[in-house]
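# Coordinates in review
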Amino acid sequence: AFVYYSAKRKMSNYQGDAPAEYIEDVDDEMEDVGDDMDEEFRADDDDDLAASDSDVEEFDYSNNKIADTSAEQARKGKDIQGIPWDRLSISREKYRQTRLEQYKNYENVPNSGEASEKVCKVTQKGGQFYDFWRNSRSIKSTILHFQLRNLVWATSKHDVYLMSNFLLTHYSSLTSGKKEVLNVRGHVAPSEVRSCQNVKFHIDKHPGSLLEGFTQTQVSTLAVKDDFLVAGGFQGELICKHLDRPGVSFCSRTTYDDNAITNAIEIYNKPSGALHFTASNNDCGVRDFDMERYQLVKHFRFPWPVNHASLSPNGKLLAIVGDNPEGLIVDPNTGKTLETLSGHVDYSFASAWHPDGFTFSTGNQDKTCRVWDIRNLSQSVAVLKGNLGAIRSIRYTSDGKYMAMAEPADFVHVYDVSKGYETEQEIDFFGEISGISFSPDTEALFIGVWDRTYGSLLEYHRRRNYSYLDSFL
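The structure reproduced in this document is the subject of the present report. Just so we're clear, the structure is a prediction, and the values are computed from it rather than from any experiment.

## With respect to the environment of Arg75
- Among the structural elements, Arg75 can be located in helix α5 (residues 71–75).
- Accessibility expressed as a relative area gives 67% for Arg75, which makes it exposed.
- Counting along the chain gives 57 residues from Arg75 to Phe132, while the straight-line C-alpha distance between them is 9.4 Å.

## Topic: the sheet that holds strand β4 (residues 152–154)
- Read from one edge to the other, the open sheet built from four strands follows the order β4-β5-β6-β7, with strand pairing classed as antiparallel. Two strands bound the open sheet, and with one partner strand each, they are β4 and β7 (177–183). On average, each strand axis in the sheet is tilted by 25° relative to the strand beside it, whichever way the strands run.
- In the sheet, strand β6 (residues 167–172) pairs with β7 via six bridges, with the strands oriented antiparallel. Bridge pairing in β7 links Leu167 to Asn183.

## Topic: the state of the cysteines
- In total, this model carries zero disulfides according to the counting rule given.
- Free cysteine: Cys240, not disulfide-bonded; nearest cysteine sulfur from Cys251 at 7.6 Å.

## Some words on unusual backbone geometry
- One non-glycine residue, Asn165, adopts positive backbone phi at about 60°.
- By the secondary structure assignment, Asn165 is in the loop between β5 (159–164) and β6.
- Even without a glycine there, the phi angle at Tyr294 is positive, about 55°.
- With respect to the helices and strands, Tyr294 occurs in the loop between β18 (285–290) and β19 (295–301).
- The buried category is assigned to Tyr294, whose relative accessible area is 4%.

## Some details on the side chain of Thr368
- Residue position: Thr368 is located in strand β26 (residues 368–373).
- Of note is the side chain of Thr368, whose polar atom sits 3.3 Å from the side chain of His344.
- Excluding anything up to four places from it in sequence, Thr368 contacts Ser116, Cys120, His344, Thr362, Gly363, Val383, Leu384 and Ile391.

## Some points on the pattern of salt bridges
- All told, the structure shown has 18 salt bridges when counted by the stated rule.
- For Arg463, the salt bridge is made with Asp131, and the minimal N-O distance between the two is 2.9 Å. Note that Arg463 is positioned in the segment after β33 (456–462) and Asp131 in strand β3 (residues 130–136), a separation of 332 residues in sequence.
- The exposure class assigned to Arg463 is partly exposed, which follows from its relative accessible area of 45%.
- The class for Asp131 is partly exposed, based on a relative accessible area of 24%.
- The salt bridge partner of Glu432 is Arg149, with a shortest N-O separation of 2.7 Å. On the criterion of sequence distance, the pair formed by Glu432 in strand β31 (residues 423–438) and Arg149 in the loop between β3 and β4 is long-range, its members being 283 residues apart.
- The exposure class assigned to Glu432 is buried, which follows from its relative accessible area of 3%.
- Residue classification places Arg149 among the buried residues on the basis of a relative accessible area of 2%.

## Some remarks on helix α6 (residues 92–102)
- Listed as buried for α6 are Tyr95, Arg96, Thr98 and Arg99. Viewed along the axis of α6, the buried residues span an arc of 160°, placing them on a single side of the element. Those residues of α6 that are exposed and angled more than 90 degrees off the buried face are Glu93, Lys94 and Glu101.

## Remarks on the pairing of strand β13 (residues 228–233)
- Of all six residues making up β13, six are buried, and the element is well covered by its neighbours.
- Here β13 shows a buried face lined by Phe228, Val230 and Gly232 and a second buried face lined by Leu229, Ala231 and Gly233.
- Here strand β12 (residues 219–225) runs beside β13; their pairing, made up of six bridges, is antiparallel. Each residue of the ladder has a partner; that of Val219, found in β13, is Gly233.
- Between the antiparallel neighbours β12 and β13 lie two residues, among them Asp226 with a positive phi of about 55°.
- Inspection of the sheet shows β13 paired to strand β14 (residues 237–242) by five bridges, in the antiparallel sense. Within β14, the residue paired with Ala231 across the bridge is Ile239.
- Linking two consecutive strands that pair antiparallel, namely β13 and β14, is a turn of three residues; a positive phi of about 85° is found at Gly236 within it.

## Brief notes about the sheet that holds strand β15 (residues 250–253)
- With antiparallel pairing, four strands are arranged side by side in an open sheet as β12-β13-β14-β15. Two strands close off the open sheet at either side, each with one partner strand: β12 and β15. Neighbour-to-neighbour, the strand axes of this sheet turn through a mean angle of 15°, independent of strand direction.
- As defined by bridge partners, β14 adjoins β15 across four bridges and the pair is classed as antiparallel. Among the inter-strand pairings, Cys240 is bridged to a residue of β15, identified as Phe250.

Procedures and definitions
Residues numbered from 1 in each chain as written. Predicted model: local features only at pLDDT ≥ 70, side-chain atom pairs only at ≥ 80, totals over all residues. Heavy atoms only, no water. Helix = DSSP H or I, 4+ residues; strand = E, 2+ residues; numbered from the N terminus. Buried < 20%, exposed > 50% of the residue type's maximum accessible area, 1.4 Å probe, protein only. Pairing = 2+ DSSP bridges. Axes fitted to C-alpha atoms, helices over the stretch in contact; angles between N-to-C directions. Disulfide = S-S within 2.5 Å. Polar contact = N/O pair within 3.5 Å; in protein donor to acceptor, adjacent residues only side chain to side chain. Contact = heavy atoms within 4.5 Å. Salt bridge = Lys/Arg side-chain N within 4 Å of Asp/Glu carboxyl O. Arc of directions from axis to C-beta.

Right, here's the structure in full:
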């Protein structure tokens, strides 16, 4: 039932060298576990299962869609992913233990996970900051690169954007409906349609825009903020779209370098309100684009491929992480390195700033997230540990109270920042994680799960203490 993305399939699109030993380990160990689960579903009592009432759990025939799991069903004991553990000879607890023992964390520096474990903070688990609300199996969130997991973005507590194969899709948690926003399988070119006095006209000649566009773009990363979306591709492609306008606004190729993959995108507003975004690429570059003029305005080069860049809330500092254990704090206007971050022992793929502008976090393949304070960068103020593997995605709530970090699969950790990261909520499921996103109002947390059978979108709602309602009970 569980099929974890084969490293051979993922690496076939990867522009770097494929680590053969990792590929073989993942294929042998991970697929074996998935095969065991498949065999359980194809047990000798297939005929009995086919006629059982549990079929309804898997498919809602009246609505012609795969059945979701609601909070009410979960409270009554249904597995949040709809996995029928009572029909399997292996229990959820046993399968979890197998996963913990057999999952192969990808490392560029051998044994980096073990090396960092001794400095990790001991946290109190059992926090309950976000409650399970719904698992939507009708929407399939997918990934293309095993190290890049920023493919889920919420623009409100009801609106989520994600990649589903070649389709960039909008999902409404209100209606459980999905809508195609952009199909990158075919030809995509800038041709935005605007209206003026009820007359529609095309805009397709922004300076620097690649007018011929792209065909069959393999989207490696994504960012959505308000009504603006940017998708980045394996060949350095950038596709920009205003969600409130038909058509594509801007296309660009950051580089024609062989190692051009777009690793991360961050959309932000300048103090003037001007819309910008930064693109981090494997060609060691970070580029800043002005979307008021649709132009590249800055291009900084670094000694190693940049996997993620994030701008401080006041716009004065840029955190840079990539294919080096050390991170950098640079001046976003000049690209000059101001500080070096030392502590991680492998390559980093995630970074995020706390809204206060003083602290930020970095996620690394050494299975840790380090929290830093810009007022003293001699060492990190906290080292937070994952269970299975690298920390591939980090998000803070807009009010700064919580921080979420995602591993490659199975676990998302939510920390109470206001209490010094001492307490965490561990969200536990099965499947590769395509991305995580808090809604801007902090009320919802969405988690994209990639799996052949149980791929879905998990939705959690922020727990509120409405004690005044008790008087009505």
